[in-house]
Amino acid sequence: MSSPAIATVIKMMESLSEDVQDKVAEHLREYLEDLQDELKWNKSFNKTQQQLIASAQSAKREIAEGLAKPMNYENL
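Below is a short write-up of the structure.

About the cut-offs
Residues numbered from 1 in each chain as written. Predicted model: local features only at pLDDT ≥ 70, side-chain atom pairs only at ≥ 80, totals over all residues. Heavy atoms only, no water. Helix = DSSP H or I, 4+ residues; strand = E, 2+ residues; numbered from the N terminus. Rg over C-alpha atoms; globule rule 2.2 N^0.38 Å. Buried < 20%, exposed > 50% of the residue type's maximum accessible area, 1.4 Å probe, protein only. Areas by Shrake-Rupley, 256 points an atom, 1.4 Å probe, with all protein chains shown as cover. Expected span 1.5 Å × (residues − 1). Bend = angle between axes of the 7 residues up to and from the residue. Patch = residues over 30% accessible without salt bridge, like charges linked within 9 Å, V, L, I, M, F, W, Y side chains within 5 Å. Salt bridge = Lys/Arg side-chain N within 4 Å of Asp/Glu carboxyl O.

Let's talk about the overall build of the protein chain
Alright, step 1. Helix and strand counts for the protein chain stand at 2 helices and 0 strands.
Alright, step 2. A globule of 76 residues ought to have a C-alpha radius of gyration of about 11 Å, yet the protein chain, at 24 Å, is considerably larger.
Alright, step 3. Once the C-alpha set of the protein chain is aligned to its principal axes, its extents read approximately 70 × 30 × 15 Å.
Alright, step 4. Here the protein chain, with 76 residues, has 1% of them falling under the buried criterion.
Alright, step 5. Summed over its atoms, the accessible surface of the protein chain is roughly 7400 Å², and 58% of this surface lies on carbon and sulfur atoms.

Written out as structure tokens, the structure reads:
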């Protein structure tokens with residue numbers, strides 16, 4: 001089942017030469033891949049947001065209590 005927006009895009013693409021259709025299709029593939037990656041990132045971020053907030057609060061508390069130590073990047 002296709003939405004009216006997709007039907008419109010298809011009609012627009014059909015009016016183009018085959019070379020241009022191929023270029024548009026490649027751009028759409030790249031755009032859709034980027035969009036899917038962004039959606040996955042947002043989903044992942046939303047799942048861990050509460051953990052990130054808790055970690056940030058814990059770090060702030062440790063700093064305020066003088067328990068935090070500077071990070072030694074050579075030990076990573």
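Still to come is the rest of the account.
Examining helix H2 (residues 18-64)
Alright, step 1. Under the 1.5 Å per step criterion, the end-to-end length of H2 is 65 Å for 47 residues, consistent within 8% with the ideal 69 Å.
Alright, step 2. Along its length, H2 shows its largest kink, about 50°, at Thr 48.
Alright, step 3. Among the residues trailing H2, Gly 66 stands out with phi positive, at a value near 75°.

Quick word on a nonpolar patch on the surface
Alright, step 1. A cluster of nonpolar side chains, namely Val 9, Leu 28, Tyr 31, Leu 32, Leu 35 and Leu 39, defines an oily patch on the protein surface of about 540 Å² accessible area.
Alright, step 2. In terms of residue count, the dominant contributor to the nonpolar patch is H2 (5 residues).
Alright, step 3. With respect to the helices and strands, the residue Tyr 31 is situated in helix H2.
Alright, step 4. A relative accessible area of 52% places Tyr 31 in the exposed class.

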